[in-house]
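Structural overview
Residues per chain are reported as follows:
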Amino acid sequence: MLPAPSSYNTRRKSKPINRSDHESFFTNLRFDRPTLLARSRATNLAVLLLTAALLISFTVHVQTLLRYSTPDYERVLPTYASTTTSQLEATRIPKSIYDTLSRDEQLTGLSHLIIVAGHAVFTGCEPDERLDEKYWVLEDRQKGGGNIEAFFSHIQRGAQMTIADNSSLLIFSGGQTRPKTLITEGQSYHHLATISHLLESPGEIRSSPTSRRVTTENYALDSFQNLLFSIARFREVTGTYPDKITVVGFGMKRRRFEELHRKAIRWPEYAFEYVGIDVKGDTSVAYAGENQFGFTPYSKDLYGCHDELIAKRRRRNPFQIFHPYHISAPEMTGLFEWCPRGNHKTEIYPGWLPWAHAHVAL
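Residues numbered from 1 in each chain as written. Predicted model: local features only at pLDDT ≥ 70, side-chain atom pairs only at ≥ 80, totals over all residues. Heavy atoms only, no water.

1. Some words on the overall build of the protein chain
Of regular secondary structure, the protein chain possesses 13 helices and seven strands. Evaluated residue by residue, the protein chain yields a buried proportion of 41% over its 362 residues. When contacts within the protein chain are restricted to residue pairs at least 6 apart in sequence, long-range pairs at least 24 apart make up 73% of them. (Helix = DSSP H or I, 4+ residues; strand = E, 2+ residues; numbered from the N terminus. Buried < 20%, exposed > 50% of the residue type's maximum accessible area, 1.4 Å probe, protein only. Contact = heavy atoms within 4.5 Å.)

2. Details of the packing of helix 8 (residues 223-238) against helix 9 (residues 254-264)
Relative orientation of the contacting elements helix 8 and helix 9 amounts to 50°, with a least axis distance of 10 Å. In this view, helix 8 runs oblique relative to helix 9, as classed from their interaxial angle. The handedness of the crossing between helix 8 and helix 9 comes out as right-handed. Within the contact between the two elements, helix 8 uses Ser223, Phe224 and Leu227 and helix 9 uses Arg256, Phe257, His261, Arg262 and Ala264. Across the contact of helix 8 with helix 9, the residue classes break down as four nonpolar, two polar and two charged. (Axes fitted to C-alpha atoms, helices over the stretch in contact; angles between N-to-C directions. Parallel < 35°, antiparallel > 145°, perpendicular 65-115°, else oblique. Left-handed = near helix turned anticlockwise from the far one by under 90°. Nonpolar A, V, L, I, M, F, W, Y, C, P; charged D, E, K, R; others polar.)

3. Overview of helix 10 (residues 284-300)
Compared with the 24 Å implied by 1.5 Å per residue over 17 residues, the 23 Å span of helix 10 between its first and last C-alpha is a close match. Remark: the principal bend of helix 10, roughly 40°, maps to asparagine 291. For helix 10, the set of buried residues is Glu290, Gly294, Phe295, Pro297 and Tyr298. Tucked into the core, helix 10 has its buried residues touching helix 8, helix 9 and helix 11 (307-315). (Expected span 1.5 Å × (residues − 1). Bend = angle between axes of the 7 residues up to and from the residue.)

4. Comments concerning the state of the cysteines
Here, the word disulfide means a covalent bond between the sulfur atoms of two cysteines. A full pass over the atoms with the stated rule returns one disulfide. In this model, cysteine 305 is linked to cysteine 339 through a disulfide, with the two sulfur atoms separated by 2.2 Å. An S-S torsion of about 105° defines the bridge between cysteine 305 and cysteine 339 as right-handed. Note that cysteine 305 is positioned in the loop between helix 10 and helix 11 and cysteine 339 in the segment after helix 13 (333-337), a separation of 34 residues in sequence. The exposure classification of cysteine 305 matches that of cysteine 339, with both residues buried. (Disulfide = S-S within 2.5 Å.)

5. Points about unusual backbone geometry
The phi torsion at histidine 197 lies on the positive side, around 60°, for a residue other than glycine. Mapped onto the elements of the fold, histidine 197 is located in the loop between helix 7 (185-195) and strand 5 (214-217). Phi is positive for arginine 266, which is not a glycine, with a value near 60°. With respect to the helices and strands, arginine 266 occurs in the loop between helix 9 and strand 7 (272-276). Looking at arginine 266, the relative accessible area reads 37%, which means it is partly exposed.

Here's what the structure looks like:
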């Protein structure tokens, strides 16, 4: 043990604790209630201001992100009174696409859409081959029974109606639905109509042949898309939406188109016509099949975007093709994406649609 320093006083004693000194110390530390509340309010105000600043900053960043990630055509509200077709399309369609378009002026005044819905793919080169099933890509259920004759009758009737109405545009609709060929249903129907000289009229003017008012829609995978996508294709070709729609197809599908598909797109009944042509002979089995596999599924899933109907679309899309109509018919984007769920699968699309402005410059 080391010796204590010389300055250390061994006689020094601790000062006894005075109770009154402790009480005085704590008394001095006591704060009154107004002081504490004032500091609390100041702290809360600072937190609120900081939170508000963060929310404003977050909102600004989100708006900026959405603005520069959303194409121009989705940000432009529909205006009709003060814009021409070219002016509005130039603001909605990406410039790299718009610059490639040169619309035929004779097509801009058309108002009647005639749709021939495709059901198979014709691969022949001669008109007489239309009666031979080996020149058709068919599903097993389509073989025999006179289906290919009915297909040609649909094409023929659509051509006749188009020749008779100079305000009409004929669209053969149907996508690349068969894995054995890259030809679309619509293209094959158009090819058969052409080689069969169905699009020619003896008295037509050479400068304005019927064939100029005929085109194809190459993306539809089912009957609902035949209707929906053909309207969008009409928009691509003419720059406007039609005033009237006529669909040519099997008579057994009349109820599906008139009561379900037309209703789903909110197309006015007075401006819609369905021309039904069935196969010859007994059609009872065909009508029963349509009710079971067509009308009933769509009556429960109006837009065909669930369960068996969406599965059917996937099966009919072997080449993974998707349509361009979000760009070329942007007014229909909401309808394209509408897919009510749960117990509301038959809920009608409630959004804005351009039908009320049909045949007005878009």
